[in-house]
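Take a look at the letters that make up each chain.
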Amino acid sequence: MDERVKNLFLMGGLRGEGALSCDFLKMFFIEITGGENFIKIYIPEIYEIMPQKKIYLLRAGFNGTKFQINDKLKEEINKIYKLGLELAQPKAVCDTYKIETIPTELIPKSFEGVNSITFFVSTLGYEIDNYISNANTLSSMLMDAWASEAIEAFNESIDKKLRKDFGKGTRRFSPGYSDIDVRKNWDIVSNLLKTEIVVVNKETGIITPRKSTVCMIGWYDE
Amino acid sequence: MMNRKDFAQILNKKILILDGGYGTEFIKRGYKEIPAEILNIRYPEVVYNLQSEYVKSGADILLTNTFSANRKKLKELNYEEAFEKVNVKAVEIAKQASKGKALVFGDLSSLGEYPNPMGLLEMDEAIDEYYQQAKVLFESGVDGFIVETMTDIKELKAAIYGIRKVTEDLPLIAHMTFEENGRSVTGTSVEIFANVFNDLDVDVLGINCTLGPEELLKVFERLSLSTNKFLSVEPNAGKPVFDGKHLEYKMTPEIFGMFVEDYLDLGVNIIGGCCGTSPEHIKVIRNMVKRRPKKIVKEIPIMYSSRTILNKFHPFTVIGERINPAGNKKFQNEIEEFNFENVIKRANSQKSVKAHAIDVNLGIEKILNEEHFKQIIIELDKHSSLPISFDIQNIGFLETALKEYPGRPIINSSKLSKKDLDRKLELIKKYGGLLIVLALEKEILESAEERLQLVLRKWPYIESKGITKDRIIVDPLVLSLAANNDPNITLETVKLLSQNGFNTTMGLSNLSFGLPNRNYINAAFLSRAKGKGLTSAILNPEDEFLMNTLNGNLLLDKNIVIPSKVEKQDELTEKILQGEEGEVKRIIENQLKEKSPLEVSQDVLGKAMEKIGDLYAQGNIYLPELLLAAETVKPIFDYLNNLIPESQNDKKAKVVLATVEGDIHDIGKNIVAAVLRSANFKIIDLGKDVETSTIINAVQKEKPNILGLSAMMTTTVGKIEEVVNELKKLSIKVKVIAGGASMNRKLAETFGCDAYAKDASEGLKICKSWVNLNS
C-alpha cells in the first residue's frame with residue numbers, strides 16, 4: 001500500500017480520540033497512481049456526514065410528532081449523535097469508468113444509455129461497529145439509527161459533488177436492489193475499485209464495517 | 001437599504017444565518033492587545049478578512065464591528081475622539097466584505113454602566129448614547145440594527161428608544177443574555193423580556209452569549225413560547241474554559257451544528273454564533289439549515305410585569321391601592337421631600353398579602369415635579385416591587401415614569417374623549433403595557449347600556465391605532481353608595497362589557513366611601529361583580545375579609561385548584577418512562593417494606609413493565625422510550641432477583657432468539673430481545689451468525705414456547721427455511737416467528753413459519769397472543 005494511503009488510514013484511526021477539527025479533516029481527494037492502479041480516497045469534512053436530527057429520530061422509531069421526547073431520552077439522543085461524530089472514520093473510494101470497460105453484469109438495466117458509471121464505496125469505519133456491538137440495547141439502537149443516516153448524508157454529499165462535475169445522471173443505485181445481486185458488492189470493491197477500506201463477504205455480499213455502502217451513478221453526458 | 005416589511009417577508013420564507021464571534025476570533029488571529037473596534041481604523045484588513053470569511057461560510061447578515069463602539073466605552077478606552085470614525089469605517093468594511101451577498105446590521109451593546117437603579121447612569125443619558133451611535137451607523141447606510149449581549153432590561157429599552165429616535169424604518173433585533181436558569185444578571189426572566197418587548201417597536205427578539213447551544217436551548221424554548229415575534233439566537237461555542245491565563249471556547253463546529261435543528265424546531269428565524277464561534281461554525285450552521293422557518297403561533301396570556309415579577313391578568317388581578325396619600329398629610333409631605341420609605345413599606349406589605357400589582361397614585365401632583373415620579377419608580381424598581389399600575393394625571397409626569405419603568409405597565413386610566421385617549425394610546429404604543437379606559441367621555445352616563453355603547457362606539461378608533469383588545473381593560477365606573485347611586489348599574493355594565501369580550505377593572509373602595517363597615521359592603525359587591533365577569537379590581541389587599549371573599553369566589557369559579565393529596569396511581573410507570581432510576585429504586589425499596597421481593601418483582605415492577613409493554617404495543621410510546629424503560633429497570637430487577645430464591649422465579653414464557661448463519665448484523669434481534677424481556681418473557685439469546693445445528697440443539701435443550709429467527713440479507717433468508725425444515729424433520733414442536741430486513745410475510749409462510757413480525761412491536765403482540773392462548 002502506498003505510504004500516503006497508509007498515513008490516511010492511520011489518521012483515520014486516531015479520530016476516535018475526539019479531535020474533530022484537526023487539519024486532516026479538511027476536504028481532500030488524494031490520487032495515488034501505483035502501476036496501473038488508480039485510487040481516489042475521499043475524506044469528507046465532518047459536517048458532510050451529519051444527518052438531520054429529525055431523520056435520525058425517525059430512523060430510531062420516533063415516527064411522528066405525537067409525543068414529547070423526555071429529557072433523559074433527549075440527552076441520550078444527543079449523546080449518541082455526538083459520539084457518532086467522534087467515532088466515525090468516514091472515507092470513500094470513488095472512480096469512474098467508461099461503459100465499455102465495465103462488465104455487463106455490473107450495469108443495471110435502468111442505466112441504459114449512460115456513457116460512464118461512477119462507482120464508490122463509502123464507510124464510517126469499524127469504531128461505530130464496535131460501539132453498536134458492545135453498548136446497551138438503547139444506545140446501540142440509537143447509534144445504529146444515527147450511523148445509517150450518517151452514511152446516507154455522506155452519500156448524499158458525494159452524490160451532489162459528483163453531479164456537479166458530471167452533469168446529467170441516473171439515480172444513485174446500490175447492488176441488492178432491482179436486477180443487480182447484492183453479492184456484486186464484492187466484484188465492485190475487489191475487482192473494480194480495488195480498495196481495502198471495506199471487506200465484502202463474497203458469499204453473502206455483506207460489507208464490513210457494517211455502516212458501509214457500495215453505490216453507482218450512471219452519466220449520460222460525454 | 002432594507003425596510004422592515006421586506007425584512008419580514010424574507011424571514012417568513014427563509015432562515016437567515018448571522019455571522020459568528022468577533023472578539024474571540026481577533027484574539028485567535030493575534031490581535032489581543034488592541035480593542036476589537038479600534039481594528040476598524042488601525043487594521044481594517046483584519047476585520048475585512050474575518051467578515052469575508054463569514055460571508056463565504058454562508059452568513060446572510062454581517063454585524064458591523066461596533067459592539068463596544070459607543071462613545072461611553074470608547075471614552076473609557078481613551079478613544080473617544082475616534083467614535084465617529086470607528087463606526088463609519090465599520091460600516092464601510094462590512095459593506096465591502098458583504099459584496100452585496102449579505103445584509104449589514106449595525107451592532108450595539110452595553111454602555112458599560114447600567115441605568116439607574118442598577119447603575120448610576122441617567123436613563124435619558126443612556127438613550128442619548130445609543131441615539132448617537134445609531135445615528136452614525138444609520139447615516140453610514142446599515143440595513144438594520146441589532147442590540148445584543150444585554151443583561152439589563154432597562155438598558156436594552158434605552159437602546160431601543162435611542163435607535164428608534166434615529167429611524168422607524170429599519171429592522172431592529174433585540175437580544176438579551178440569560179443564565180442557565182433563564183434569568184438575566186439583573187434578575188429579569190426570559191418571559192418578562194418577551195412580555196415587555198412584545199409591545200415595543202422591534203422586529204426580532206433573541207438571546208445570545210453566556211451559554212452554549214445545548215444549555216441555551218431550554219432558555220430559548222421559553223422565549224419561543226412567550227412571543228409571536230420573529231426569533232433569533234447566537235449561542236457561544238460551548239462553555240468557556242479558563243486555564244488561569246486564557247479563556248477558550250472549545251466546542252467544535254460539528255457539535256455546535258448538532259443543535260441547530262433543535263432551534264429550527266422551536267421556530268428560530270435567524271441563527272448565528274457568539275463567543276468562540278468561527279467561520280467554520282457558520283459553515284456548519286449553514287449546512288444544517290435545510291428547511292424553511294417553522295411558524296408557530298402561540299396563545300400568549302395577558303400579562304404585566306416589573307423587572308422581576310410577571311403576573312397573568314386572568315383569572316383575577318388584584319391591584320393594591322395603598323400607595324395613595326390622599327387625605328394623609330404626613331404621607332404627602334414625605335413624598336414631597338423625596339422620602340419614599342413609606343412608599344416602599346406599603347409596596348412590600350401589599351406584596352406580602354399577595355396583591356398582583358400596585359397602583360401608584362401620588363395625588364398631590366401640583367406640588368410635585370418630574371424628579372419625584374422618576375425617583376419613585378427607580379426606588380420601587382430597586383426594591384423588586386410588584387408590577388405598577390400608573391395612576392398619574394399629568395401626561396408629562398406619566399411619560400417620565402413610564403420611561404424609567406423596566407417592566408410591562410398598566411396605565412390607569414384614560415377617558416374615552418379623543419384628546420385623552422390619543423395621548424394615552426401614544427404612550428402605550430411607545431412604552432408598551434395595558435391601558436385602563438373609563439366608560440366615560442365627559443359626563444357619567446346613566447345606564448349600563450349607554451356605557452357599553454360608548455365603549456363600542458370608541459372601540460374601532462382604538463383598534464385603528466394598532467391596539468388589540470387584550471391590551472385594554474374597561475372600568476365600568478363605581479360610584480358612592482352614600483350619594484344614592486345604584487350599584488346595579490355598575491354590575492350590569494360589567495356584565496355587558498364581559499359579554500362583549502372586554503376585560504374589566506374597578507376602583508372598589510369608591511363604592512363605600514363615607515359608610516361604616518366598608519369591608520363587608522366592598523366584599524359583597526366584589527362577589528357580585530366577579531359573578532358578572534369582573535377580571536380585576538383596585539382594592540385594599542390588606543383587607544383580609546375582602547381577599548378571602550375574592551378567593552372564595554375564585555374557588556367557586558374553579559379558578560383555584562385545591563391541591564390534591566391523592567398520589568398518582570402510576571408514579572412508578574412514569575418514573576420508569578422518564579428513565580429516573582434513582583426514583584424507581586426509591587419506590588421499590590418502599591414497597592419492599594411491606595411486600596416480599598417476589599411480590600415486588602412480579603406485582604409491582606413486573607406489572608409496571610407490562611403496562612409499558614402494552615403502551616408500546618398500542619403505539620402510545622415509541623421504541624426508544626421502551627428501551628430506555630428497559631435499561632432503567634434492568635439493575636432493579638437484578639437487585640430484586642438477588643433477593644428471590646431461584647425456585648420462585650416465574651417468567652411468562654420462554655423464547656429462544658437467533659440471527660441466522662451468515663448474518664453479522666443483529667441489532668434488530670437485540671431490540672426484540674429487550675422488548676420481550678420488558679414484557680416478562682424469559683429470553684435465551686443465541687446471538688448472530690448462528691448455525692442451524694446450534695439453533696436446533698438449543699431448542700431441544702431449552703424447550704422454549706417460541707423460537708424467533710432473524711435474517712438480514714436476501715442471501716441469508718434461506719437459512720430460516722433450513723431451520724424450519726430441520727425442526728419438522730425432528731418433529732420438534734415450537735412456534736416459529738420470523739423477522740428481519742429481508743424477510744416478508746409471504747416468505748415466512750412459504751418457509752412454514754407460524755408468523756412473521758415486521759418489527760419488535762408486532763413481535764411482542766404475536767408472542768403475547770400465543771402465551772394467552774396457551775394459558
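Note that the structure is a prediction, hence the values are computed from the model and not measured.

Novice: Break down the overall build of chain A for me, with residues and values.
Specialist: Within chain A, the regular secondary structure consists of six helices and seven strands. The secondary structure elements of chain A, listed N-terminal to C-terminal, are α-β-β-α-α-β-β-α-α-α-β-β-β. For chain A, the proportion of its 222 residues judged to be buried stands at 54%. Contacts in chain A between residues at least 24 apart in sequence constitute 71% of all its contacts with a sequence separation of at least 6. Only carbon and sulfur atoms are counted for the fraction: they give 49% of the accessible area of chain A, which is about 10400 Å².

Novice: Quick rundown of the pairing of strand 22 (residues 682–685) of chain B? Include the residues and the values.
Specialist: Here is the key point about a regular strand: its side chains alternate between the two faces of the sheet. Residues and elements named next belong to chain B. Two elements, strand 21 (residues 654–659) and strand 22, share four bridges in a ladder whose sense is parallel. The residue bridging L657 from the neighbouring strand is D685, located in strand 22. As a crossover connection, the stretch from strand 21 through helix 27 (residues 667–678) into strand 22 is right-handed.

Novice: An account of the pattern of salt bridges is requested, with residue identities and associated values reported.
Specialist: Oppositely charged side chains can pair when the atoms bearing their charge come close. All names here are of chain B. Applying the stated criterion to the full structure yields 58 salt bridges over all chains. A salt bridge links R291 to D265; the nearest nitrogen and oxygen atoms lie 2.9 Å apart. Taken as a pair, R291 in the loop between helix 13 (279–288) and strand 11 (303–305) and D265 in helix 12 (residues 260–265) lie far apart in primary sequence, 26 residues in all. Exposure remark for D265: the relative accessible area of 31% places this residue in the partly exposed category. Among the salt bridges present, the one from R586 reaches E571, with a minimum N-O distance of 3.4 Å. Of this pair, R586 sits in helix 24 (residues 581–592) while E571 sits in helix 23 (residues 571–577), placing them 15 residues apart in sequence.

Novice: Got a sec to walk through helix 3 (residues 71–87) of chain A? Specific residues and values, please.
Specialist: Residue and element names in this part refer to chain A. In this model helix 3 runs 24 Å from its N-terminal to its C-terminal C-alpha over 17 residues, within 8% of the 24 Å that 1.5 Å per residue would give. Residues L73, E76, I77, N78, I80, Y81, G84, L85 and L87 constitute the buried set of helix 3. Two or three places before K72, at the start of helix 3, stands the capping residue N70, its side-chain oxygen 3.1 Å from that residue's backbone nitrogen.

Novice: Tell me about the sheet that holds strand 22 of chain B, residues and numbers included.
Specialist: Residue and element names in this part refer to chain B. Spatially, five strands are ordered 22-21-23-24-25 in an open sheet, and the strand pairing comes out parallel. Looking at which strands have only one partner, the edges of the open sheet turn out to be strand 22 and strand 25 (755–756). In the sheet, strand 24 (residues 735–739) pairs with strand 25 via two bridges, with the strands oriented parallel. Counted as the bridge partner of A738 is Y756 from strand 25. The strands that helix 29 (residues 718–729) touches are strand 23 (706–710) and strand 24; relative to strand 23, the one it contacts most, it runs at about 155°.

Novice: Give me the lowdown on the packing of aromatic side chains, citing residues and values where you can.
Specialist: One pass over the full model with this rule turns up 20 aromatic pairs over all chains. On the numbers, 6.1 Å between centres and 85° between planes, the contact of Y22 of chain B with F26 of chain B is edge-to-face. For the residue pair Y22 of chain B and F26 of chain B, the accessibility class agrees, reading buried in each case. Arranged with centres 4.7 Å apart and planes meeting at 45°, the rings of Y520 of chain B and F545 of chain B form a pair that is tilted. Residue Y520 of chain B is located in helix 21 (residues 518–531), and its partner F545 of chain B is located in helix 22 (residues 544–556); the two are separated by 25 residues in the primary sequence. Through pairs of rings, three or more aromatic residues link up here, namely Y56, Y81 and W146 of chain A.

Novice: Which residues make up unusual backbone geometry, and what values do they have?
Specialist: The omega torsion across T208 of chain A and P209 of chain A is -5°, close enough to zero to call that bond cis. Mapping P209 of chain A onto the fold places it in the loop between strand 6 (207–208) and strand 7 (212–219). The residue after H314 of chain B, namely P315 of chain B, is reached through a cis peptide bond having omega 5°. Of note, P315 of chain B is situated in the loop between strand 12 (310–312) and strand 13 (317–323).

Novice: So what's going on with the sheet that holds strand 17 (residues 434–438) of chain B? Which residues, and what values?
Specialist: Residues and elements named next belong to chain B. Strand order in the open sheet formed by eight strands is 19-18-17-16-15-14-13-20, and the pairing between neighbours is parallel. The open sheet terminates on both sides in strands that have one partner only, identified here as strand 19 (503–504) and strand 20 (536–539). Sheet analysis places strand 18 (residues 472–475) next to strand 19, joined by two bridges and oriented parallel. Each bridged residue has a counterpart across the sheet, and for V474 the counterpart in strand 19 is T504.

Novice: Got a sec to walk through the confidence of the model for chain B? Specific residues and values, please.
Specialist: All names here are of chain B. Scored by pLDDT, chain B comes out at a mean of 93, with 97% of its residues at no less than 70. Confidence drops under pLDDT 50 across residues 564–569; counting only partners more than four residues distant or on other chains, this segment forms one contact. Interface predicted TM-score (ipTM) for the complex: 0.82; the corresponding pTM is 0.87.

Novice: Any chance you could break down the interface of chain B and chain A for me, citing the residues and the numbers?
Specialist: Many descriptions give the size of an interface as the accessible area lost when the pieces come together. Facing the 44 residues of chain B at the interface are 44 residues of chain A. Our enumeration of links across chain B and chain A arrives at three salt bridges. A salt bridge links K218 of chain B to D71 of chain A; the nearest nitrogen and oxygen atoms lie 2.9 Å apart. Viewed at the interface, chain A and chain B are joined by ten residue pairs in polar contact (both at pLDDT 80 or more).

Novice: Any details on the nonpolar core? Residues and values, ideally.
Specialist: Core analysis: the biggest nonpolar cluster contains 244 residues, and W146 of chain A together with F197, I271, I576, L605 and F681 of chain B have the highest contact counts within it. Ranked by size, the runner-up nonpolar core spans 25 residues in total, among them A658, V660, A711 and V736 of chain B.

Novice: So what's going on with the packing of helix 4 (residues 126–134) of chain A against helix 5 (residues 137–166) of chain A? Residues and values would help.
Specialist: All names here are of chain A. For the pair helix 4 and helix 5, the least separation of the axes is 7 Å and the interaxial angle reads 150°. Taken as axis vectors, helix 4 and helix 5 run roughly antiparallel relative to one another. Two packed elements cross with a definite hand, and for helix 4 against helix 5 that hand is left-handed. Two secondary-structure elements touch here, helix 4 through I128, Y131 and I132 and helix 5 through S139, S140, M143, D144, W146 and A147.

Novice: Can you tell me about the pairing of strand 13 of chain B, naming the residues and giving the values?
Specialist: All names here are of chain B. Of all seven residues making up strand 13, five are buried, and the element is well covered by its neighbours. Two elements, strand 13 and strand 20, share four bridges in a ladder whose sense is parallel. Along strand 20, the bridge assignment pairs G320 with L539. Both strand 13 and strand 14 (residues 357–360) contribute to a ladder of three bridges, which runs parallel. Pairing of G320 across the sheet is with I358, part of strand 14.

Novice: Can you explain the environment of L225 of chain B? Please cite residues and give values.
Specialist: All names here are of chain B. With respect to the helices and strands, the residue L225 is situated in helix 10 (residues 213–226). Here L225 falls in the exposed class, since its relative accessible area comes to 53%. Taking the C-alpha atoms as reference, L225 lies 40 Å from V46; in sequence the two are 179 residues apart. Not counting chain neighbours up to four residues away, the residues in contact with L225 comprise K298 and I300.

Cut-offs used in this document
- Residues numbered from 1 in each chain as written.
- Chains lettered and ligands numbered in written order.
- Predicted model: local features only at pLDDT ≥ 70, side-chain atom pairs only at ≥ 80, totals over all residues.
- Heavy atoms only, no water.
- Helix = DSSP H or I, 4+ residues; strand = E, 2+ residues; numbered from the N terminus.
- Buried < 20%, exposed > 50% of the residue type's maximum accessible area, 1.4 Å probe, protein only.
- Contact = heavy atoms within 4.5 Å.
- Areas by Shrake-Rupley, 256 points an atom, 1.4 Å probe, with all protein chains shown as cover.
- Pairing = 2+ DSSP bridges.
- Right-handed = clockwise from strand over helix to strand, strands pointing away.
- Salt bridge = Lys/Arg side-chain N within 4 Å of Asp/Glu carboxyl O.
- Expected span 1.5 Å × (residues − 1).
- Polar contact = N/O pair within 3.5 Å; in protein donor to acceptor, adjacent residues only side chain to side chain.
- Axes fitted to C-alpha atoms, helices over the stretch in contact; angles between N-to-C directions.
- Phe/Tyr/Trp six-rings, centres within 6.5 Å; stacked < 30°, edge-to-face > 60°.
- pLDDT = per-residue confidence, 0-100.
- Core = buried A, V, L, I, M, F, W, Y, C linked by side-chain atoms within 4.5 Å.
- Parallel < 35°, antiparallel > 145°, perpendicular 65-115°, else oblique.
- Left-handed = near helix turned anticlockwise from the far one by under 90°.

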